[in-house]
Amino acid sequence: MSRYNMISGLAAAPALFLCALCACSVPLAGGLDDSAANQIVFTLDRASVDATKDVDPTADGRFRVTVARDDVARAISALADEGLPRSAMQGGLESVGKGNLVPSEAAEQAQLAAAIAGELERSLEGIQGVVSARVHISTPPPAIDKLSLPARSSASVLLQHRGSTPPVSADAVQRLVSGGVAGLSVGDVAVVMVSRPAPPMGAAGAIGHVGPIAVTRSSLRTLQGALVVLVVLLAGFATATLVLYGRLARTRDELTSPGARTPSRSP
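The structure contained in this document is the topic of the report that follows. (Residues numbered from 1 in each chain as written. Predicted model: local features only at pLDDT ≥ 70, side-chain atom pairs only at ≥ 80, totals over all residues. Heavy atoms only, no water.)

All told, the structure shown has six salt bridges when counted by the stated rule. For Lys-53, the salt bridge goes to Asp-34, with nearest N and O atoms at 2.7 Å. Linking Lys-53 in strand S2 (residues 51-55) with Asp-34 in helix H2 (residues 34-46), this pair joins segments that are 19 residues apart in sequence. (Salt bridge = Lys/Arg side-chain N within 4 Å of Asp/Glu carboxyl O. Helix = DSSP H or I, 4+ residues; strand = E, 2+ residues; numbered from the N terminus.)

Moving on, we get to the packing of helix H5 (residues 105-125) against helix H6 (residues 170-180). For the pair H5 and H6, the least separation of the axes is 10 Å and the interaxial angle reads 150°. By the angle between their axes, H5 is roughly antiparallel relative to H6. H6 is crossed by H5, and the crossing has right-handed handedness. Packed against H5, whose contacting residues are Ile-116, Leu-120, Ser-123 and Leu-124, the element H6 presents Val-173, Leu-176, Val-177 and Gly-180 at the interface. (Axes fitted to C-alpha atoms, helices over the stretch in contact; angles between N-to-C directions. Parallel < 35°, antiparallel > 145°, perpendicular 65-115°, else oblique. Left-handed = near helix turned anticlockwise from the far one by under 90°. Contact = heavy atoms within 4.5 Å.)

With that settled, the discussion passes to a nonpolar patch on the surface. Together, Leu-158, Val-192 and Val-194 make up an exposed nonpolar region whose accessible area comes to about 210 Å². Relative to the elements of secondary structure, Val-192 occurs in strand S6 (residues 189-196). (Patch = residues over 30% accessible without salt bridge, like charges linked within 9 Å, V, L, I, M, F, W, Y side chains within 5 Å. Areas by Shrake-Rupley, 256 points an atom, 1.4 Å probe, with all protein chains shown as cover.)

Structurally, the α-helix is built with 3.6 residues per turn, so residues lying three or four positions apart point the same way. What H6 keeps buried is the set Val-173, Gln-174, Val-177 and Ser-178. The buried residues of H6 occupy an angular sector of 120° when projected down its axis, which confines them to one face. Across from the buried face of H6, at angles greater than 90 degrees, the exposed residues are Arg-175 and Gly-179. (Buried < 20%, exposed > 50% of the residue type's maximum accessible area, 1.4 Å probe, protein only. Arc of directions from axis to C-beta.)

With that settled, the discussion passes to the nonpolar core. Counting residues in hydrophobic clusters, the biggest one holds 17 residues, and the most contacted among them are Leu-124, Val-135, Ile-137, Val-157, Leu-159, Val-173 and Val-177. Sorting the residues of this core by element identifies H5, strand S4 (130-138), strand S5 (154-162) and H6 as the ones contributing at least two each. Setting aside its immediate chain neighbours within four residues, Val-173 contacts Leu-124, Val-157, Leu-159, Val-168, Val-191 and Met-193. Counting residues in each nonpolar core, the second largest holds 13 residues, with Ala-29, Ala-37, Ala-78 and Leu-84 among its members. (Core = buried A, V, L, I, M, F, W, Y, C linked by side-chain atoms within 4.5 Å.)

Moving on, we come to the packing of H2 against helix H3 (residues 72-82). Two elements in contact, H2 and H3, have axes separated by 10 Å at closest approach and are oriented at 115°. Relative to H3, H2 is oriented roughly perpendicular. As H2 runs across H3, the sense of the crossing is right-handed. Here H2 contributes Ile-40, Thr-43 and Leu-44 to the contact with H3, which in turn contributes Ala-75, Ala-78, Leu-79 and Glu-82. In terms of residue class, the contact of H2 with H3 is built from five nonpolar, one polar and one charged. (Nonpolar A, V, L, I, M, F, W, Y, C, P; charged D, E, K, R; others polar.)

What follows deals with the sheet that holds S5. Ordered by their spatial adjacency, three strands build an open sheet running S4-S5-S6, and the pairing between neighbours is mixed. The open sheet has two edge strands with one neighbour each: S4 and S6. Taken over all neighbouring pairs, the strand axes of this sheet differ in orientation by 10° on average, direction set aside. Relative to S5, S4 is paired through eight bridges, and the arrangement is antiparallel. Directly across from His-136, in S5, lies its bridge partner Ser-156. Each of S4 and S5 touches H5; the most contacted strand, S4, lies at about 155° to it. Of the strands in this sheet, S5 and S6 touch H6, which is tilted by about 130° from S6. (Pairing = 2+ DSSP bridges.)

Written out as structure tokens, the structure is:
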């Protein structure tokens, strides 16, 4: 191998090293809206998992979350504990109007109830500390005749939350649900709350990885910055060495060429 090829390889080494560092990050979740992506990043940060939110190149107006390859297992476990990412729930605009070309009155009523339940679940899961929420709405069938008394609507809510103290009271949940369903009274809303243990806060001395290098997470950013500076310096040194070697090679060729003039010696 010639010296020129050796120096060219030295100049390309920093770029390859940077590519290797970038290859250590893998997408964990994609196609997320801004709120869902932020919630995942916050959850992973509590679990001491370094996560980055950026634009998802496969979905317009959506985001993705990437983590280090070595942290994928811990990240999946942390998200599973929080029930993230949550499945897309149908709201009013998504549910109403689906199905048959001319839906029956009962079908329209069921679609509307499912749509309202989805919107209420979104509202409840937006409360900090709520892991998941399920709302079931029971609406009475249409009255057979005008003389029959209309049956009462009812609803039930299953709320899972972190810690021993619920982040919202049962009365507040009843008021929220009854206010979103026409003809539903507060007393006809049953609320069941299930407590789940709070996730442990990540230790400050947890181990993180930058490529093959393992360091404490408190020093992770510092090491990444130092490595970037080092790579840039190496790239500059290799480029300057390559330019200098090229100039020396041209000068040597000029001096050793047959047409080169030799200086005359004075007697």
